[in-house]
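Structural characterization, general
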Amino acid sequence: LTEPLTTNATTTGWQLSENDAFENPIAYTNQTLNETYNGWYLRYVAANGQIAAYSNVVTITVNALPTVAITGNTSFCEGGNTTLTASEGASYAWSNQATTQAITVNEGGRYAVTVTDNNGCSNTAYTSVTVNALPEVTISGASTICAGAETTLTANGAATYEWPGYLDAQTATLLIAQAGIYQV
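Residues numbered from 1 in each chain as written. Predicted model: local features only at pLDDT ≥ 70, side-chain atom pairs only at ≥ 80, totals over all residues. Heavy atoms only, no water.

Description of the overall build of the protein
Selection criterion: Helical segments are the DSSP runs of H or I of at least four residues, strand segments are the runs of E of at least two, and each set is numbered from the N terminus. Here the term buried applies to any residue with accessible area under 20% of the maximum for its type, exposed to any over 50%, and partly exposed to those in between, with areas from a 1.4 Å probe on protein chains only. Note that accessible areas follow from Shrake-Rupley with a 1.4 Å probe, and for residues the cover is restricted to the protein chains shown.
A count of helices and strands for the protein gives zero helices and 14 strands. When its helices and strands are written in sequence order, the protein yields β-β-β-β-β-β-β-β-β-β-β-β-β-β. Within the protein, the proportion of its 184 residues that are buried is 28%. For the protein, the exposed surface amounts to about 12,100 Å²; the carbon and sulfur share of it is 47%.

Next comes the structure, spelled out in structure tokens:
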């Protein structure tokens, strides 16, 4: 707000009051009002230390910035993806140019979203996404056995294991007694 008043005065400024009666106002002597406080403001002009003129009352409401967060898994395995979701807002601007509340990403990196609320106020949140390499799993053990014999296959290279087709086999080892193709 930089509304000039026509006068021959030497000082101009603003007065802030917590109510419209202007009891115990706070004076600001700057020409431009860039305030972050709610309240009623009067533009004044002073000459020789005395207020010579007032403008109309200007009411300023300062809206809080929206609280912005990004939720979702911030890591996934190579070949996968994850969905990142921003806090509720009126509009969205992601660093990957998306304009929706949620995005699905398949690359690692830093992602940002600016959320604008219904008052036109904006705030930004950031998150980093990591893509984990797939484990290199190997199976060791005898590849041939005699009829009626058993062998143990052992998986290596990962933290947990699952042998498809063997519901109870979620360990690194699998005892087998039949020919076949085994995978982990």
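Don't stop here, the text continues.
Some remarks on the sheet that holds strand E6 (residues 75-77)
Cut-off, in case you're wondering: Strands are treated as partners if at least two bridges between them are detected by DSSP. For helices, the fitted line uses only the C-alpha atoms of the stretch in contact; every axis is such a line through C-alpha atoms, and the angle between N-to-C directions lies from 0 to 180 degrees.
Read from one edge to the other, the open sheet built from four strands follows the order E6-E11-E10-E8, with strand pairing classed as mixed. Across the chains shown, the open sheet's two edge strands, defined by having one partner strand only, are E6 and strand E8 (91-94). In this sheet, neighbouring strand axes are inclined to one another by 25° on average, regardless of whether the strands run parallel or antiparallel. Here eight bridges tie strand E10 (residues 109-116) to strand E11 (residues 122-132), and the two strands are oriented antiparallel to one another. Considered in E11, the bridge of Thr-114 is made with Thr-124.

Regarding the sheet that holds strand E13 (residues 151-156)
With respect to topology, three strands assemble into an open sheet ordered E12-E13-E14, the strand pairing being antiparallel. Looking at strand neighbours, the two that pair on one side only are strand E12 (138-140) and strand E14 (173-176), the edges of this open sheet. Neighbour-to-neighbour, the strand axes of this sheet turn through a mean angle of 25°, independent of strand direction. Where E12 and E13 come together, three bridges link them in antiparallel fashion. Bridge assignment links Ser-140 to a residue of E13, and that residue is Thr-154.

Re the pairing of E11
Of the pairings in the sheet, the one linking E6 to E11 comprises three bridges and is parallel in character. Looking across to E11, one finds that Cys-77 is bridged to Asn-132. Here E10 folds back onto E11, and the loop between the two strands holds five residues, one of which, Gly-120, carries a positive phi near 85°.

Examining unusual backbone geometry
Its identity is not glycine, yet Gln-97 carries a phi of approximately 80°, on the positive side. Take Gln-97: it is sitting in the loop between E8 and strand E9 (102-105).

Quick word on the environment of Thr-154
Using the following cut-off: In what follows, residue pairs with any heavy atoms lying within 4.5 Å of each other are defined as contacts.
Looking at the element boundaries, Thr-154 is found in strand E13. Thr-154 sits twelve residues away from Ala-142 along the chain, and the two C-alpha atoms are 9.8 Å apart. In this view, Thr-154 contacts Thr-138, Ile-139, Ser-140, Ala-172 and Thr-173; residues no more than four positions away in its chain are not counted.

Some details on the pairing of E14
Look at any regular strand and the pattern is simple: side chains alternate between the two faces of the sheet. A one-sided burial pattern is seen for E14, the buried positions being Leu-174 and Ile-176 and the unburied ones Thr-173 and Leu-175. Looking at chain direction, E13 and E14 are connected through four bridges and run antiparallel. Along E14, the bridge assignment pairs Thr-151 with Ile-176.

A short note on the confidence of the model for the protein
For clarity, the cut-off: Per-residue confidence from the prediction method is given by pLDDT, with values spanning 0 to 100.
Taken as a whole, the protein shows an average pLDDT of 80; of its residues, 66% reach a score of 70 or greater. Here residues 1-9 is a poorly scored stretch, pLDDT under 50, and it has 20 contacts once near neighbours within four places are set aside; other chains count.

A closer look at the side chain of Thr-116
For the record, the criterion: Polar contact is the term for a pair of N or O atoms within 3.5 Å; when the atoms are in protein, one must be able to donate a hydrogen and the other to accept it, and sequence-neighboring residues count only if both atoms are side-chain atoms.
Position of Thr-116 among the secondary structure elements: in strand E10. A polar atom in the side chain of Thr-116 sits 2.7 Å from the side chain of Ser-122. In this structure Thr-116 touches Gly-89, Ala-90, Ser-91, Cys-121 and Ser-122, once residues within four positions along its chain are discounted.

Description of the nonpolar core
Selection criterion: Side-chain atoms within 4.5 Å are what join buried Ala, Val, Leu, Ile, Met, Phe, Trp, Tyr and Cys residues into a set we call a nonpolar core.
The biggest cluster of nonpolar side chains holds 15 residues, and the ones touching the most others in it are Leu-84, Trp-94, Ile-103 and Val-113. Contributing elements (two or more residues each) for this core: strand E7 (82-86), E8, E9, E10 and E11. It is E10 that provides the largest number of residues to this core, a total of three residues. If near-sequence neighbours (up to four positions away) are discounted, Trp-94 is found in contact with Ile-70, Leu-84, Thr-85, Ala-86, Thr-100, Gln-101, Ile-103, Ala-112 and Val-113. Core analysis: the next-biggest nonpolar cluster, separate from the first, contains eight residues, Ala-155, Tyr-161, Trp-163 and Leu-174 among them.

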